[in-house]
Amino acid sequence: MDTPSPDAQGHTQQQNNMRQNIGPKFCRECSNMLYPKENKVEMALMYQCRTCSYTEPATSYCVYRNQLASSAGETAGVTTDVGSDPTLPRSNKQCPACSEMECVFFQSQMRKEETKMKLFYVCCSCGHIFE
């Protein structure tokens, strides 16, 4: 028997499908929302309509997933005039856009566990942001 191969994050195809299918479910008879309910006799998770009592078995044990998505990027809040900030450290790394040798640098603004320390450079002449 073959075992499913995991993707880059270690999740199988079945786990990925279960993640994508989590969302509101609707009644096939009256189009109202279905709510999770326990079937105590069969010890199974069901979805039931509160209006017409339509019931269907759940395809996943997860009924809600709160996915926090950060809209702020790694260089959030960085403007092109950051090069004139005297408090930022300076470097003589060459800018790939204009070949100027003076730039300021700062650490990545992402606050996640898996984010490594990444330095970003901003050219003092043209404001180009690069790594």
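Everything numeric here is computed off the predicted structure, so don't read it as measured data.

A. Expanded view of the sheet that holds strand β6 (residues 103–107). If you trace the four strands from one edge of the open sheet to the other, you get β5-β6-β7-β8, paired in antiparallel fashion. Only two strands of the sheet have a single partner each, and these edge strands are β5 (90–91) and β8 (129–130). Bridge count for β5 against β6 is two bridges, and the pairing is antiparallel. Its bridge partner lying in β6, Ser 91 is registered against Cys 103.

B. The pairing of strand β3 (residues 44–49), seen in detail. Here strand β2 (residues 33–39) pairs with β3 via six bridges, running antiparallel. Paired with Leu 34 across the bridge in β3 is Cys 49. The hairpin turn running from β2 into β3, its antiparallel successor, is four residues long, and Met 43 in that turn takes a positive phi close to 50°. Where β3 meets strand β4 (residues 55–57), three bridges bridge the pair, whose relative direction is antiparallel. Bridging across to β4, Tyr 47 finds its partner in Glu 56.

Cut-offs used in this document
Residues numbered from 1 in each chain as written. Predicted model: local features only at pLDDT ≥ 70, side-chain atom pairs only at ≥ 80, totals over all residues. Heavy atoms only, no water. Pairing = 2+ DSSP bridges. Helix = DSSP H or I, 4+ residues; strand = E, 2+ residues; numbered from the N terminus.

That's the geometry; what it means functionally is another story.
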